[in-house]
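Residue strings, one per chain:
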Amino acid sequence: MTTRRPIALVTGAARGIGRAVALALAEAGYEVAVADRAESDPHETLAGIEKAGGKGYFAGFDLADLASHGPMLAQIEQALGPVDLLVNNAGIGAVVRGDLLDMKAENFDRVLDVNLRGTLFLTQRVVQAMLASALIHPRAVITVTSVSATHASPERTEYCVSKAGLAMFVQNLALRLAPTGIGVFEVRPGIIRSDMTAAVAEKYDRLIEGGLVPAGRWGEGSDIARAVVALASGAFAFSTGAVIGVDGGLGVARL
């Protein structure tokens, strides 16, 4: 028996979907490490975690800089303890939306370095630490991708490629960790109201009104958060590798 609360690491949790996930986990009984860029402002997230009865800790790092991962994880373990749950949420959109044939290599590299390469190698480090520590609470790795993992958008190809790569990484990780009992899941959002979609909100308003999303509304960060909390609970352990669409039916093939 232990009185230690489970510990979650949520990347990109200073705002948006990550903040919603962090607050929902705190309400569910987690201590939460808020990992985000050093220049981000985590105060609203940390205040919400405390209000929910949890302990929060901010760890500033650069997901694309693999050398920053180790020190960041060491800070979290010292402040909170060993991580039981990793939520890979951090990511960036296309640097420039435009013609695929004009896409610059440096912009492609930037998006892939953050969304795919950085997430993959951070996960590798966290999982290694999980396997080296004693099992106290259900453990899981939950990666937030996007409907863009399967739905093409030629004006932001690098983003779609990064999310498709993450989806395949999740499948491989699920197979590797299935014997260990660590649940591995992909949460695949559709059109979610966030900082990333704010610039194209009017476009999506029209598309949603026109029937693009069967549910007839925007998704909210809270929709993603509820899915993450459920998957983290251990109740779906035998469903490891599952892809959970949180998209109002957008991802369902239809005529």
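Refer to the structure printed above.
Quick caveat: nothing in here was measured; it's all calculated off a predicted structure. (Residues numbered from 1 in each chain as written. Predicted model: local features only at pLDDT ≥ 70, side-chain atom pairs only at ≥ 80, totals over all residues. Heavy atoms only, no water.)

## With respect to the packing of aromatic side chains
Two aromatic rings are characterised by how far apart their centres lie and by the angle between their planes. This model, assessed by the stated rule, comprises 1 aromatic pair. A ring pair is formed by Tyr204 and Trp218, whose centres lie 6.1 Å apart and whose planes are at 85 degrees; its orientation type is edge-to-face. Here Tyr204, found in helix H7 (residues 201–209), pairs with Trp218, found in the loop between H7 and helix H8 (221–232); they are 14 residues apart in sequence, far enough to count as distant. Overall, the relative accessible area of 8% leaves Trp218 in the buried class. (Phe/Tyr/Trp six-rings, centres within 6.5 Å; stacked < 30°, edge-to-face > 60°. Helix = DSSP H or I, 4+ residues; strand = E, 2+ residues; numbered from the N terminus. Buried < 20%, exposed > 50% of the residue type's maximum accessible area, 1.4 Å probe, protein only.)

## Thoughts on the environment of Leu250
Its place among the elements puts Leu250 in the segment after strand S7 (243–246). C-alpha separation for the pair Leu250 and Gly190, spaced 60 residues apart in sequence, amounts to 6.6 Å.

## Considerations on the packing of helix H1 (residues 16–27) against helix H2 (residues 43–51)
Between H1 and H2, whose axes approach to 8 Å, the crossing angle comes to 15 degrees. Between H1 and H2, the angle is such that the two are roughly parallel. Once H1 is placed against H2, the crossing between them reads as right-handed. Where H1 approaches H2, its residues Arg19, Ala22, Leu23 and Ala26 are matched on the opposing element by Glu44, Thr45, Gly48 and Ile49. Split by residue class, the contact of H1 with H2 holds 4 nonpolar, 2 polar and 2 charged. (Axes fitted to C-alpha atoms, helices over the stretch in contact; angles between N-to-C directions. Parallel < 35°, antiparallel > 145°, perpendicular 65-115°, else oblique. Left-handed = near helix turned anticlockwise from the far one by under 90°. Contact = heavy atoms within 4.5 Å. Nonpolar A, V, L, I, M, F, W, Y, C, P; charged D, E, K, R; others polar.)

## Section: the side chain of Ser148
When you line up the elements, Ser148 lands in the loop between strand S5 (140–144) and helix H5 (157–177). Taking the relative accessible area as the measure of exposure, Ser148 reaches 4% and is therefore buried. Among the polar contacts listed, one links the side chain of Ser148 to the side chain of Arg156, at a separation of 3.1 Å. Excluding residues within four positions of it along the chain, Ser148 makes contact with Arg156, Tyr159, Cys160 and Lys163. (Polar contact = N/O pair within 3.5 Å; in protein donor to acceptor, adjacent residues only side chain to side chain.)

## A closer look at the pattern of salt bridges
When charged atoms on two side chains of opposite charge get close, those side chains can pair. With the rule as written, the count across this model stands at 9 salt bridges. Note that Asp84 is salt-bridged to Arg4, the shortest N-O span being 3.0 Å. Of this pair, Asp84 sits in the loop between helix H3 (69–79) and strand S4 (85–88) while Arg4 sits in the segment before strand S1 (7–11), placing them 80 residues apart in sequence. In this structure, Glu220 and Arg193 form a salt bridge, with 3.1 Å as the shortest nitrogen-oxygen distance. (Salt bridge = Lys/Arg side-chain N within 4 Å of Asp/Glu carboxyl O.)

## Observations regarding the nonpolar core
Counting residues in each nonpolar core, the largest one holds 31 residues, and the members touching the most others are Leu9, Met72, Ile76, Leu122, Val126 and Val141. Of all the secondary-structure elements, those providing two or more residues to this core are S1, strand S2 (31–36), H3, helix H4 (105–132) and H5. Those residues in contact with Ile76, other than ones at most four positions away along the chain, are Leu9, Ala33, Tyr57, Ala59, Gly81 and Val83. Grouped together as the second largest cluster of nonpolar side chains are 29 residues, Ala8, Val10, Ala13 and Ala26 included. (Core = buried A, V, L, I, M, F, W, Y, C linked by side-chain atoms within 4.5 Å.)

## Things to note about the sheet that holds strand S6 (residues 183–189)
A sheet is described by the order of its strands in space; here 7 strands give the open sequence S3-S2-S1-S4-S5-S6-S7, paired in parallel fashion. Of all strands in the sheet, those with a lone pairing partner are strand S3 (56–60) and S7, marking the two edges. Averaged over all adjacent pairs, the angle separating strand axes in this sheet is 20 degrees, with direction ignored. Both S5 and S6 contribute to a ladder of 5 bridges, which runs parallel. Within the sheet, the bridge partner assigned to Ile142 lies in S6 and is Phe185. (Pairing = 2+ DSSP bridges.)

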